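# Geometric and topological summary
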Amino acid sequence: MSEKTKEISTENKNSSAGLQLNKKSIIAICVLLTAILIFAGVLTQVMPRGEYYTYPENTYLLSDGNYVTLENSEEYIIDKTQSVTQSEYLLKLSSLGHGIKVVKSFDGIDLSSAEDVSKRIIDGTYHTSDYKLPLWKIPASIFLVFGSDNAVTGVAIILFIVLIGGTFLILDEQGILKYIMAVIIRRFEKKKYALLCIIIFVCMLLSSTAGILEESVTLVPIAVAISLALGWDSLVGLSISLVAVAFGFTAATFNPFNVVTVQKLAGIPVFSGLWLRIVMFVLVYSVLAGFVVLYARKIEKNPQKSLCYESDRALREKFCLENNQAVTDDTRVKKATRAFVLCVCAVVVCIVLDFCLGLSGMLSMPGMAILFTVGGLSAGYLSGLRGKEVFRGFLRGVKTIAPAIPLIFFILAITYILDEGMIVHTILNYVYSLISGLSPYSAILLLFAFIVVLEFFIGSGTAKAFLIMPIVAPLAHLVGISGNSVVLTFCMGDGFTNLLYPTSGIMIIAIGLVNVSYGKWLKFTWKLFLAEALLAVAIMHFSIFIGYA
């Protein structure tokens with residue numbers, strides 16, 4: 001074979017390896033997000049602006065009902081227009097009936113049973129403002145967001161995506177993904193629907209207990225490869241990985257990012273009311289597994305009924321079972337796969353430790369990024385890549401996934417505009433006024449709808465909890481909704497909607513990896529989302545009926 005032929009062969013191999021993003025889909029989604037960004041900017045100009053006051057940093061609610069905070073020289077910005085000292089700010093809160101004692105240190109104060117209320121919204125303090133977001137900040141928000149509190153989150157997500165892209169190209173080029181797929185299929189070829197249900201259960205369980213979500217992007221390529229090799233399509237692969245993880249959030253049992261946070265903010269014992277959340281997990285799992293099995297059987301009988309039949313052609317040939325069985329005889333690939341799987345096991349350990357130590361993702365996310373990358377580079381070396389070849393392969397993978405980075409900018413910019421434009425608290429105050437006069441059955445539906453809508457603007461479950469729970473929890477109690485019913489409602493509204501809106505970075509990136517457009521994604525999932533919403537309504541009303549507490 002000539003050198004030129006070898007180069008062409010290598011280029012073709014490289015172009016079909018790794019995570020491939022559909023550029024047309026990326027452009028279409030960018031256009032959609034631009035329209036949403038403009039719409040959000042318009043809302044900041046026409047809606048009333050306002051906000052709630054929040055407790056200062058280092059503020060605690062003591063067991064005797066009093067609030068205490070540390071003395072500091074920090075300036076507090078009110079209504080985006082004026083700065084006041086700590087004493088002036090606390091005087092304003094005191095005039096509204098929310099007195100806080102200032103101390104120079106917490107020495108001599110028992111904080112063991114105290115509750116940290118720092119930055120929490122204070123009920124009854126909503127006030128309007130004449131401030132209006134300058135028009136120039138709307139188009140500039142894509143850049144201004146990196147001077148906001150979300151900058152660290154944005155950089156972390158981008159770094160995570162880049163590392164995943166580089167790692168998967170090496171795994172794919174060196175046949176490691178094919179090896180993993182071939183081994184799994186060899187063991188479950190005659191029990192493939194049992195395999196499908198097992199994968200869904202494991203992914204849901206990890207999410208329901210440990211709270212993994214963004215990490216599920218790493219599962220998508222392997223799940224899609226297995227799905228195609230077994231005669232299904234990319235949508236089945238997405239369902240047993242990404243969708244299963246998101247629905248695990250919906251059916252949260254011990255999830256520290258929604259259950260634990262919401263229960264703390266609602267003032268109820270952590271992990272209380274577990275029995276009904278376990279029932280919910282079983283029901284949600286049954287709905288999802290049933291939906292995916294029925295769809296997979298339909299596609300297996302007639303592959304052309306798949307919404308992504310055309311876009312799956314190349315991938316289906318690439319991951320055909322007959323084409324990949326030979327890879328299991330390669331001893332170098334076998335050794336490389338073991339090294340990668342060992343790193344993945346270490347990732348699971350990080351997730352478990354993160355959950356047990358209550359670190360809220362501070363260990364699992366960096367652990368996933370570092371160990372996954374180390375595993376990919378080590379696997380590349382053990383499979384035959386040497387020196388600069390390993391890093392060149394990694395950089396090629398980064399290049400293929402780079403088009404997804406602008407999506408993160410747009411999504412963060414939308415959140416920035418809504419926050420900077422001071423309309424999120426206005427919407428919250430409006431919902432507050434609506435719920436106060438309703439029956440428990442109607443109020444819980446309105447609360448669920450509010451959380452579903454709020455997901456469009458604020459994807460983080462923890463951020464939503466800190467925003468709305470200080471207001472919703474006491475209000476729900478007044479209209480006869482128990483704290484644990486609020487927890488159920490929050491989890492169900494926050495879970496599956498992670499995959500519903502184009503402002504969900506995790507969903508957009510995942511479907512882009514397998515060339516599924518947003519339109520096809522909604523066409524495939526709308527029945528599942530509807531079934532999930534109806535199930536949520538039934539469970540919420542049941543919780544009210546039995547006085548779930």
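About the criteria used
- Residues numbered from 1 in each chain as written.
- Predicted model: local features only at pLDDT ≥ 70, side-chain atom pairs only at ≥ 80, totals over all residues.
- Heavy atoms only, no water.
- Helix = DSSP H or I, 4+ residues; strand = E, 2+ residues; numbered from the N terminus.
- Rg over C-alpha atoms; globule rule 2.2 N^0.38 Å.
- Contact = heavy atoms within 4.5 Å.
- Areas by Shrake-Rupley, 256 points an atom, 1.4 Å probe, with all protein chains shown as cover.
- Lys, Arg positive; Asp, Glu negative; His and termini not counted.
- Charge placed at Lys NZ, Arg CZ, Asp CG, Glu CD.
- Expected span 1.5 Å × (residues − 1).
- Buried < 20%, exposed > 50% of the residue type's maximum accessible area, 1.4 Å probe, protein only.
- Disulfide = S-S within 2.5 Å.
- Pairing = 2+ DSSP bridges.
- Patch = residues over 30% accessible without salt bridge, like charges linked within 9 Å, V, L, I, M, F, W, Y side chains within 5 Å.
- Salt bridge = Lys/Arg side-chain N within 4 Å of Asp/Glu carboxyl O.
- Core = buried A, V, L, I, M, F, W, Y, C linked by side-chain atoms within 4.5 Å.
- 1 Å grid on protein atoms, 1.4 Å probe; cavity = no way out; pocket = protein on both sides within 12 Å on 5 of 7 lines; lining within 4 Å.
- Points joined across faces, edges and corners; volume = space filled by probe spheres on them.
- Axes fitted to C-alpha atoms, helices over the stretch in contact; angles between N-to-C directions.
- Left-handed = near helix turned anticlockwise from the far one by under 90°.
- Nonpolar A, V, L, I, M, F, W, Y, C, P; charged D, E, K, R; others polar.
- Polar contact = N/O pair within 3.5 Å; in protein donor to acceptor, adjacent residues only side chain to side chain.
- Phe/Tyr/Trp six-rings, centres within 6.5 Å; stacked < 30°, edge-to-face > 60°.

Turning next to the overall build of the protein. Across its full length, the protein holds 23 helices and 8 strands. For 549 residues, the compact-globule formula gives about 24 Å, and the C-alpha radius of gyration of the protein, at 25 Å, lands near that figure. Counting only C-alpha atoms and orienting by the principal axes, one finds that the protein spans roughly 85 × 50 × 50 Å. Contacts in the protein between residues at least 24 apart in sequence constitute 81% of all its contacts with a sequence separation of at least 6. Total accessible area on the protein is roughly 24,200 Å²; 64% of this is exposed by carbon and sulfur atoms. The averaged location of the 38 negative side-chain charges in the protein is 12 Å from the averaged location of its 42 positive side-chain charges.

Between its first and last C-alpha atoms helix H19 (residues 440–457) spans 26 Å; for 18 residues at 1.5 Å apiece the expected length is 26 Å, and the two agree. Within H19 the residues assigned to the buried category are Ala443, Ile444, Leu447, Phe448, Phe450, Ile451, Val452, Leu454, Glu455, Phe456 and Phe457. Elements that come into contact with the buried residues of H19 comprise helix H2 (23–46), helix H17 (405–420), helix H18 (424–435), helix H20 (461–478), helix H21 (483–495) and helix H23 (518–545).

A separate point is the state of the cysteines. Scanning the model with the defined rule gives 0 disulfides in all. This cysteine, cysteine 491, is not joined by any disulfide, and cysteine 203 carries the nearest cysteine sulfur, 19 Å off.

Quick look at the pairing of strand S3 (residues 67–70) now. Taken together, the 3 bridges between strand S2 (residues 59–61) and S3 define a ladder with antiparallel strand orientation. By the bridge assignment for S3, threonine 59 is matched with threonine 69. Between S2 and the antiparallel strand that follows it, S3, lie 5 residues; glycine 65 among them carries a positive phi value of about 95°. As paired strands, S3 and strand S6 (residues 101–103) are joined by 3 bridges and run parallel to one another.

This part covers a nonpolar patch on the surface. Where nonpolar side chains cluster on the molecular surface, the patch consists of Trp275, Val279, Leu283, Tyr441, Phe542, Phe545 and Ile546 and spans about 690 Å² of accessible area. Among the secondary structure elements, those contributing two or more residues to the nonpolar patch are helix H11 (274–301) and H23. A total of 3 residues in the nonpolar patch trace back to one element, the largest contributor, which is H11. Here phenylalanine 542 lies in helix H23.

A few words on the nonpolar core. Residues Leu238, Ile468 and Trp521 are the most contacted members of the largest nonpolar core, which totals 167 residues. In terms of residues, this core owes the most to one element, H11, which gives 12 residues. Those residues in contact with leucine 238 that sit more than four places away from it in its chain are Val220, Val224, Val243, Ala510, Ile511, Val514, Val516 and Trp521. Counting residues in hydrophobic clusters, the runner-up holds 11 residues, among them Tyr55, Ile78, Tyr89 and Leu93.

Next up on the list: H17. When the terminal C-alpha atoms of H17 are compared, their 23 Å separation across 16 residues agrees well with the 22 Å that a helix rising 1.5 Å per residue should span. The element H17 is extensively covered by neighbouring structure, given that 12 of its 16 residues are classed as buried. Considered for burial, the residues of H17 that qualify are Ile405, Leu407, Ile408, Phe410, Ile411, Leu412, Ala413, Ile414, Tyr416, Ile417, Leu418 and Glu420. Looking one or two residues beyond H17, the residue adopting positive phi is methionine 422, at roughly 60°.

The pairing of strands in a sheet happens through backbone hydrogen bonds and is either parallel or antiparallel. Spatially, 4 strands are ordered S6-S3-S2-S7 in an open sheet, and the strand pairing comes out mixed. Of all the strands in the sheet, just S6 and strand S7 (115–116) have a single pairing partner and so form its edges.

We now examine the layout of surface pockets. To find leftover empty space, a probe the size of one water molecule is rolled over the atoms. Its boundaries defined by the atoms lining it, the second largest pocket holds a volume of some 900 Å³. Taken together, 30 residues make up the lining of the second largest pocket; nearest its centre are Ile184, Val202, Leu219, Ile222 and Val344. Among the elements of the structure, helix H6 (176–188), helix H7 (192–210), helix H8 (220–229), helix H9 (234–250), helix H14 (331–357) and helix H15 (364–382) are those that each provide at least two residues to the lining of the second largest pocket. Looking at the lining of the second largest pocket, the element that brings in the most residues is H14, giving 7 residues.

This part takes up the packing of H19 against H21. The description of two packed helices rests on the angle between their axes and on the distance between the axes. For the pair H19 and H21, the least separation of the axes is 8 Å and the interaxial angle reads 35°. For the pair H19 and H21, the sense of crossing is right-handed. Contact residues: H19 offers Ile444, Leu447, Phe448, Ile451, Val452 and Glu455, while H21 offers Ser485, Val486, Thr489, Phe490, Met492, Gly493 and Asp494. Tallied by class, residues from the contact of H19 with H21 come to 8 nonpolar, 3 polar and 2 charged.

Once that is clear, we can look at the side chain of serine 482. Mapped onto the elements, serine 482 comes out in the loop between H20 and H21. According to the relative accessible area criterion, serine 482 is buried, its value standing at 18%. In terms of polar contacts, serine 482 uses its side chain to reach the side chain of serine 485, at 3.0 Å. Leaving out residues up to four positions away in the same chain, serine 482 has contacts with Tyr548 and Ala549.

So, about unusual backbone geometry. The residue asparagine 58 is not glycine, and still its phi comes out positive at about 60°. Along the chain, asparagine 58 falls in the loop between strand S1 (49–51) and S2. Residue asparagine 58 is classed as partly exposed on the basis of its relative accessible area, which comes to 33%. With a phi angle near 65°, lysine 119 is a residue other than glycine that sits in the positive phi range. Mapped onto the fold, lysine 119 is located in the loop between S7 and strand S8 (127–129).

Here the structure, examined in full by the defined rule, presents 17 aromatic pairs. Their ring planes at 15° and their centres at 4.8 Å tell us that tyrosine 55 and tyrosine 67 sit as a pair that is stacked. Highlighted residues: tyrosine 55 in the loop between S1 and S2 and tyrosine 67 in strand S3, separated in sequence by 12 residues. Residue classification places tyrosine 55 among the buried positions, given a relative accessible area of 7%.

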